[in-house]
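So you can see what is in the structure, the chains are spelled out below.
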Amino acid sequence: MSRERATALLVDFDGVLRRWDPAVAAGVEREYGLPEGVLGEIAMSWGLLQPVLTGQVSHAQWMASVADALIPTIGDPERARAAVEQWQSYRGEVDPEVLAFVREVRAAGIRVGLGTNATDLLDADLAALDLTDELDVVVNSSVVGVHKPAKEYFQAACAALDTPPARVLFVDDQDRAVAGARVAGLSAHRWSGPADLRYLRAALAY
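Please read all numbers here as calculations on a predicted model, not as lab measurements.

## Notes on the overall build of the protein
Argument step 1. Looking only at helices and strands, the protein has 11 helices and 7 strands in total.
Argument step 2. Dimensions of the protein, computed from the C-alpha atoms along their principal axes, are close to 60 × 30 × 25 Å.
Argument step 3. Among the 206 residues that make up the protein, the fraction classed as buried is 46%.
Argument step 4. Intrachain contacts of the protein at a sequence separation of at least 6 include 67% that bridge at least 24 residues.
Argument step 5. Split by element, the accessible area of the protein, about 10,100 Å² in all, is 52% carbon and sulfur.
Argument step 6. Side chains of the protein give 19 positive and 29 negative charges; the mean places of these two sets differ by 8 Å.

What follows is the structure, given as structure tokens:
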């Protein structure tokens with residue numbers, strides 16, 4: 001039995017609509033004499049990441065914890081904070097092909113939501129990247145209080161889109177998130193790059 005055609009699209013932010021240049025973090029690490037990859041390694045450690053993704057701490061508190069963890073390596077709290085501030089001043093870039101696709105989908109009358117594990121800085125990032133008016137809904141884990149790939153997250157996203165799970169197509173670059181969406185009843189596609197857009201257009205059939 002074939003699935004119902006999707007009438008709403010839910011897209012991930014980081015790795016799909018927003019991309020990051022790894023050279024930025026690498027440049028900060030070189031400038032401050034830090035080991036390569038340490039900024040991301042500390043920030044993405046689950047003990048620091050999980051609380052900020054569920055709204056228990058703010059983005060600023062998360063980054064303060066990253067700076068604290070750098071002090072033994074840098075040896076100076078002020079330099080540790082400066083390194084983190086410099087790293088965080090870069091807020092990524094919009095993938096123009098994905099944005100064009102989002103606009104195309106919305107123009108066809110299909111609702112588009114942003115489904116992201118994010119912090120309380122998300123609204124500011126969307127504004128800085130001129131994305132505020134490009135989406136119908138934004139489903140931020142730190143607002144929902146639960147993060148992907150939890151079933152409850154996807155239930156909240158479908159409710160925000162006012163669309164039953166079987167009619168929502170979810171796109172993410174992480175296997176765990178894709179698997180979680182499928183468990184929750186959504187159609188889901190693992191994003192590997194703009195070459196996937198042909199498939200997504202066919203799946204939405206607009």
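Anyway, onward from the coordinates.
## Comments concerning the sheet that holds strand S5 (residues 137-140)
Argument step 1. Taken in spatial order, the 5 strands line up as S5-S4-S1-S6-S7 in an open sheet, and their pairing is parallel. The open sheet has two free edges, formed respectively by S5 and strand S7 (187-190), since each of these has just one partner strand. Neighbour to neighbour, the strand axes of the sheet diverge by 20° on average, direction disregarded.
Argument step 2. The strands that helix H9 (residues 151-161) touches are strand S1 (8-11), strand S4 (111-116), S5 and strand S6 (168-172); relative to S4, the one it contacts most, it runs at about 155°.
Argument step 3. Along the sheet, helix H10 (residues 175-183) contacts S6 and S7; its crossing angle with S7, the most-contacted strand, is approximately 170°.

## A short note on the packing of helix H1 (residues 22-31) against helix H5 (residues 77-88)
Argument step 1. Between H1 and H5, whose axes approach to 9 Å, the crossing angle comes to 160°. Comparing the axis directions of H1 and H5 gives the class roughly antiparallel. Note on packing geometry: the crossing formed by H1 with H5 is right-handed. Contacts from Ala25, Val28 and Glu31 in H1 reach Arg79, Ala83, Gln86 and Trp87 in H5.
Argument step 2. Of the residues contributing to the contact of H1 with H5, the split by class is 4 nonpolar, 1 polar and 2 charged.

## Some words on the side chain of histidine 147
Argument step 1. Along the chain, the position of histidine 147 falls in the loop between helix H8 (141-144) and H9.
Argument step 2. Apart from residues no more than four positions distant in its own chain, histidine 147 is found in contact with Trp46, Gln50, Thr54, Asn117, Ser141 and Tyr153.

## Here's the deal with the nonpolar core
Argument step 1. Among the nonpolar cores identified, the biggest contains 26 residues, and Leu9, Phe13, Leu114 and Leu204 are the most heavily contacted of them.
Argument step 2. Of all the secondary structure elements, the ones that give two or more residues to this core are S1, helix H6 (96-107), S4, helix H7 (122-128), S6 and helix H11 (197-204).
Argument step 3. For this core, the leading source of residues is H6, giving 5 residues.
Argument step 4. Residue contacts for leucine 114: discarding those within four places in its chain leaves Leu10, Val11, Asp12, Phe13, Leu17, Leu122, Leu126, Leu135, Val137, Val138, Val139 and Tyr153.

## Considerations on unusual backbone geometry
Both trends apply: most residues other than glycine have a negative phi, and most peptide bonds are in trans.
Argument step 1. In this structure, proline 149 follows lysine 148 across a cis peptide bond, with omega equal to 15°.
Argument step 2. Here aspartate 130, not a glycine, exhibits a phi torsion of approximately 60°, which is positive.
Argument step 3. Here aspartate 130 is to be found in the loop between H7 and S5.
Argument step 4. The phi dihedral of aspartate 162 is positive, around 55°, even though this residue is not glycine.
Argument step 5. Note on aspartate 162: relative accessible area 68%, which makes it exposed.

## Some remarks on the pattern of salt bridges
Argument step 1. Considering all chains together, one arrives at 11 salt bridges under this definition.
Argument step 2. Where aspartate 175 meets arginine 190, a salt bridge forms, and the shortest distance between an N and an O atom there is 2.8 Å. Of this pair, aspartate 175 sits in helix H10 while arginine 190 sits in strand S7, and the two are 15 residues apart along the sequence.

The rules behind the values
- Residues numbered from 1 in each chain as written.
- Predicted model: local features only at pLDDT ≥ 70, side-chain atom pairs only at ≥ 80, totals over all residues.
- Heavy atoms only, no water.
- Helix = DSSP H or I, 4+ residues; strand = E, 2+ residues; numbered from the N terminus.
- Buried < 20%, exposed > 50% of the residue type's maximum accessible area, 1.4 Å probe, protein only.
- Contact = heavy atoms within 4.5 Å.
- Areas by Shrake-Rupley, 256 points an atom, 1.4 Å probe, with all protein chains shown as cover.
- Lys, Arg positive; Asp, Glu negative; His and termini not counted.
- Charge placed at Lys NZ, Arg CZ, Asp CG, Glu CD.
- Pairing = 2+ DSSP bridges.
- Axes fitted to C-alpha atoms, helices over the stretch in contact; angles between N-to-C directions.
- Parallel < 35°, antiparallel > 145°, perpendicular 65-115°, else oblique.
- Left-handed = near helix turned anticlockwise from the far one by under 90°.
- Nonpolar A, V, L, I, M, F, W, Y, C, P; charged D, E, K, R; others polar.
- Core = buried A, V, L, I, M, F, W, Y, C linked by side-chain atoms within 4.5 Å.
- Salt bridge = Lys/Arg side-chain N within 4 Å of Asp/Glu carboxyl O.

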